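Listed here are the chains, written in short residue letters.
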Amino acid sequence: MAAPFTYDSALNAASMYICLWSVCSAGVLMETPDMNINIDSLDLSNGLESVPVLIKKSSGALTFPVFQYSPDNIQGPGCTVDPSEVTLPGCSCISHLCFTESCSCLQTHGQAYNSTGTLLNLSRTHSGYCSPVFECNALCPCSDFCSNRVVQGGLRFRLEVFSTKNRGWGVRTLEAIPHGTFVCEYAGEVISFEEARRRQLAQRSEENNYIIAVREHAGVDSITETFVDPAMAGNVGRFLNHSCQPNLFMQPVRVHSVVPRLALFAGRNIDAQEELTFDYSGGYSNQPPVELLSTQSDAAIQASRTDGLQRKECRCGGNNCVQLLPLDLSILN
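Reference entry: report on the structure contained in this document. (Residues numbered from 1 in each chain as written. Predicted model: local features only at pLDDT ≥ 70, side-chain atom pairs only at ≥ 80, totals over all residues. Heavy atoms only, no water.)

Here's the deal with helix H3 (residues 193–202)
Residues spaced three or four apart along an α-helix face the same direction, because each turn holds 3.6 residues.
Stage number 1. Along H3, the positions that sit buried rather than exposed are Glu195, Ala196, Arg199 and Gln200. Considered in projection along H3, the buried side chains sweep an arc of 130° and stay on one side of the axis. Exposed side chains of H3 directed beyond 90 degrees from the buried face belong to Glu194, Leu201 and Ala202.
Stage number 2. Among the structural elements, strand S10 (188–191) and strand S12 (223–234) are those in contact with the buried residues of H3. (Buried < 20%, exposed > 50% of the residue type's maximum accessible area, 1.4 Å probe, protein only. Helix = DSSP H or I, 4+ residues; strand = E, 2+ residues; numbered from the N terminus. Arc of directions from axis to C-beta. Contact = heavy atoms within 4.5 Å.)

Right, here's the structure in full:
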């Protein structure tokens, strides 16, 4: 939970601080929290996704903590804007598809995808910067086949939650995913800063923290913060593990609401059966955050730099692994 990664454009810049300091372990909505099940293929989304989210459970695997599956962000404590409410204007295109020459959405915010729905600006995977993305929304008369409707379409690839060897639950793809393609959201409760801080302070050391804080900068001293926590209500994204060499990167995308959706795109071509991961510190360029460049073996020094919080070991196995999971104390401070 550490250093920033920055979205940038001529008009906007945004910094993302990933507030996860433990390896993801997640759950499915079940009647009994500690129930063991022996089901090899279960749709975790209960039909809420257009593509079933499968789970593979081997013998002796972890139990499932309870959570409510939600494919979209939902309003949580302290959030003043309902993420499901349409708060952005729409275009007035009369055709099924939108074109830059006539679409006000594309003219205002720029074209984010090509005709197949692939993200056009992939320079962020090398530079750490990207432009904000706005899609057509419920007020737009264009059809669902419009190329400016991607993230709102939900899952397109078959994903499977599985028990990893030493990192709890993880997610892998059952089919190849091309570079720049939308994979899934990191959806959950949208909560206030105060609620995010309360939840972190109330957590025990053995518990997992899923809160992500997105800070978007639009001009001097203009910062918009969004806090998303999928611990109690979330989607398949809550199962994703951290990696210092990830194959996904996160991009805030606005659809119907001013509240951004935290969309995860393929940072490279991904093969079938590969585990899907992203960098909890927000980066993709495989450059370790400044504060993690030197691995510290002295526990006392580590404790002094993290206000006594125990840093979690990173087990991604990457060549550039920084040995410790990212840590961001901005909410606690």
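Considerations on unusual backbone geometry
Stage number 1. Although it is not a glycine, Gln273 adopts a positive phi angle of roughly 80°.
Stage number 2. Here Gln273 lies in the loop between strand S15 (261–266) and strand S16 (275–278).
Stage number 3. Non-glycine residue Gln323 carries a positive phi angle of around 80°.
Stage number 4. Note that Gln323 resides in the segment after helix H4 (299–305).

Concerning the nonpolar core
Stage number 1. With 36 residues, the main nonpolar core has Leu159, Val161, Tyr186, Leu276 and Phe278 as its most contacted residues.
Stage number 2. Of all the secondary structure elements, the ones that give two or more residues to this core are strand S3 (53–56), strand S7 (159–163), strand S8 (169–173), strand S9 (182–185), strand S11 (212–217), strand S14 (248–254), S15 and S16.
Stage number 3. A per-element tally of this core places S15 first, with three residues.
Stage number 4. Counting residues in each nonpolar core, the second largest holds 13 residues, with Tyr113, Leu119, Leu122 and Phe249 among its members. (Core = buried A, V, L, I, M, F, W, Y, C linked by side-chain atoms within 4.5 Å.)

Some words on the sheet that holds S7
Stage number 1. Ordered in space as S3-S7-S8-S16-S13, the five strands form an open sheet in which the pairing is mixed. Two strands bound the open sheet, and with one partner strand each, they are S3 and strand S13 (241–242).
Stage number 2. Two elements, S13 and S16, share two bridges in a ladder whose sense is parallel. Note that in S16 the partner of His242 across the bridge is Phe278. (Pairing = 2+ DSSP bridges.)

Quick word on the sheet that holds S15
Stage number 1. An order of S6-S14-S15-S9 is seen for the four strands of this open sheet, with the pairing classed as mixed. The open sheet is flanked by strand S6 (133–134) and S9, the only strands paired with a single partner.
Stage number 2. As paired elements, S6 and S14 share two bridges and run parallel to each other. Across the sheet, the residue bridging to Phe134 is Arg254, located in S14.

Brief notes about the environment of Glu274
Stage number 1. Following the sequence through the fold, Glu274 ends up in the loop between S15 and S16.
Stage number 2. Residues Glu274 and Val171, 103 residues apart in the sequence, show an inter-C-alpha distance of 8.5 Å.
Stage number 3. Other than its neighbours up to four places away in sequence, Glu274 contacts Val171, Arg172, Thr173, Asn247, Arg268 and Asn269.
Stage number 4. Looking at Glu274, its side chain comes within polar contact range of the main-chain nitrogen of Asp271, at 2.8 Å. (Polar contact = N/O pair within 3.5 Å; in protein donor to acceptor, adjacent residues only side chain to side chain.)

Section: the pairing of S15
Stage number 1. For S15, a buried count of six out of six residues is recorded, marking the element as mostly surrounded by other parts of the structure.
Stage number 2. Here S15 shows a buried face lined by Arg261, Ala263 and Phe265 and a second buried face lined by Leu262, Leu264 and Ala266.
Stage number 3. By the bridge criterion, three bridges tie S9 to S15 in an arrangement that is antiparallel. Within the sheet, the bridge partner assigned to Phe182 lies in S15 and is Phe265.
Stage number 4. Here S14 runs beside S15; their pairing, made up of six bridges, is antiparallel. Bridge pairing in S15 places Met250 opposite Leu264.

A look at the packing of aromatic side chains
Stage number 1. Tallied over the entire structure, the rule returns eight aromatic pairs.
Stage number 2. On the numbers, 5.7 Å between centres and 65° between planes, the contact of Phe182 with Phe265 is edge-to-face. Here Phe182 is found in strand S9, whereas its partner Phe265 is found in strand S15, with 83 residues between them in sequence.
Stage number 3. Here the aromatic residues Tyr113, Phe182, Phe249 and Phe265 are joined through ring pairs into a cluster of three or more.
Stage number 4. Geometry around Tyr210 places Arg238 over its ring, the cationic atom sitting 4.7 Å from the centre.
Stage number 5. The positively charged end of Arg238 is found above the aromatic ring belonging to Phe239, 6.0 Å away from the centroid. (Phe/Tyr/Trp six-rings, centres within 6.5 Å; stacked < 30°, edge-to-face > 60°. Lys NZ or Arg CZ within 6 Å of the ring centre and 35° of its normal.)

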